[in-house]
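# Residue-level structural notes
Each chain, written out:
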Amino acid sequence: MHRERTRRIRIGDERTGIVEVGGGAPVALQTMTTSFTHDVEASVAEINRLHAAGADIVRVAVPEKKDTEALPEILRRTSVPIVADVHFHFKRALEAVEAGVHKIRLNPGNISDRVQVEAVIDACKDRGIPIRIGVNEGSIIERRDKQVRAQELGRFFSEHRHGQMLALMIAKLEEYLDIFHAKDFHDLAISAKSMDTMLTVDAYTEIAKRFDYPLHLGVTHAGPKETGCIRSVVALGSLLQQGIGDTIRISYASDPVHEVEDGAEMLCCLGLRERKGAELIACPTCGRLQVDLFELVQQVKRTLDQDVELPMKVAVMGCVVNGPGEAEGADVAVFAGDRRGIIYVQGEKVANVPEEEILDRLRAECLDFQEKVRRGEAKLGEKKVDIVPPDPIGDLGSGIEKIRAGLVEKPTIGRT
Ligand code: SF4
């Protein structure tokens, strides 16, 4: 995948390690805590939980002085770069910088006094701390003369389907960036989040054309996990696939650990992150099914999350009709049927057990295989599951005759 080249910023310190963002660095995964930052115990526990789940950077809100006062202790007891999210009070940003946070996020919709912004820039410059300018649809509406300004800007973008709102986001960002440029401050990341999936895609696509700062991608206020995850993945996945985006946050109304897990899964699916732990492949089931596969898949997932550290592929299939093809490449696979499960490890049949024993046996085979890989006696993905399914009915083949006759055009995508 071609990635748009942006500048690179560095977030963190010797203690946390440095997370590089932009300039071709791996896409960094962020999330935000839900606890009150001044509640040190809760914040430390949540940050460490998010870090363990795979977050590269964690953001905390600092609405009050008691929140910035809690930062030194929080920083001392955590080992992941921390971003202070500042709304309304520029002094919170100065206090957070003083406390030693690794990055500041400013919202142009909420802090728009030039002198105050300059004070934050100076403080960050002194400490070598980057700033994210986070334009956000929810807080960008002009409070003064809003209709006049929106109409003026809307005319400027009148041919665009999102018209005024896109205009406001871009114009606000350009205006804000002028302050940073005047101060020769470029240690920046930028974001422009909307609640609308397609507006988010358009806003980032437009911004990527205009600036070379690293982009923090996100859909704001995306809703509950079920729909918020889809909105986020549609927008962020489309952008990342185009090479746009250097750091991401999937956001929705749920435990942020799920945001991290879903963000990590999306990055793995896009080939932008190495998978940690097992990859579970499972069939959606159909009328051929003869075991309780939904429950089995959930149980296998819990077991793998808990016990498997290597990125092995594990397939749980409902039958042997389509299962073998779909599980191709799995290191460990079970094909269920007739209230039994046939278990394969790298193409070799190792067990045929009744339904109630499938989980334990599959777990044992996964752990055994993991140990073999660790001892160097086996390699992940080395041998494929190779079971011959029943012969198809009829004469139609694989299409190879048509390819041989030169009647199928060669694919052109995926050549980089
Ligand atoms: S693997 Fe078998 S049970 Fe599962 S969806 Fe495919 S055909 Fe149906």
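Quick summary incoming for the structure in this document. These numbers were taken from a predicted model, which means no experiment stands behind them.

Here P63 shows up in the loop between β4 (57-61) and α2 (65-76). The spatial distance from the C-alpha of P63 to the C-alpha of A84 is 9.7 Å, given a sequence separation of 21 residues.

What you see with strand β6 (residues 103-106) is no split at all: K103 and R105 on one side and I104 and L106 on the other are buried throughout. Bridge analysis of strand β5 (residues 82-86) against β6 gives four bridges, and the strand direction is parallel. When the bridges of β6 are listed, V83 appears paired with K103. As defined by bridge partners, β6 adjoins strand β7 (residues 131-136) across three bridges and the pair is classed as parallel.

Moving on: the packing of helix α10 (residues 293-307) against helix α12 (residues 358-374). Orientation of α10 relative to α12, taken along the N-to-C sense of each, is 30°, at an axis distance of 10 Å. Here α10 is positioned roughly parallel relative to α12, judged by the angle of their axes. Every pair of crossing elements has a handedness; the one defined by α10 and α12 is right-handed. Together, L296, Q299, V300, T303, L304 and D307 of α10 and I358, L359, L362, R363, C366 and L367 of α12 make up the contact between the two elements. Residue classes in the contact of α10 with α12 are distributed as eight nonpolar, two polar and two charged.

Our focus in this paragraph is the packing of helix α3 (residues 90-99) against helix α4 (residues 114-127). Packing of α3 against α4 brings their axes to within 9 Å, and their N-to-C directions diverge by 10°. Between α3 and α4, the interaxial angle falls into the category roughly parallel. Between α3, through F90, A93, L94 and V97, and α4, the contact on the second element is made entirely by Q116, A119, V120, A123, C124 and R127. Looking at the contact of α3 with α4, its residues break down into eight nonpolar, one polar and one charged.

What counts and what doesn't
Residues numbered from 1 in each chain as written. Predicted model: local features only at pLDDT ≥ 70, side-chain atom pairs only at ≥ 80, totals over all residues. Helix = DSSP H or I, 4+ residues; strand = E, 2+ residues; numbered from the N terminus. Buried ≥ 20, exposed ≤ 12 C-beta atoms within 10 Å, placed from the backbone. Pairing = 2+ DSSP bridges. Axes fitted to C-alpha atoms, helices over the stretch in contact; angles between N-to-C directions. Parallel < 35°, antiparallel > 145°, perpendicular 65-115°, else oblique. Left-handed = near helix turned anticlockwise from the far one by under 90°. Contact = placed C-beta atoms within 7 Å. Nonpolar A, V, L, I, M, F, W, Y, C, P; charged D, E, K, R; others polar.

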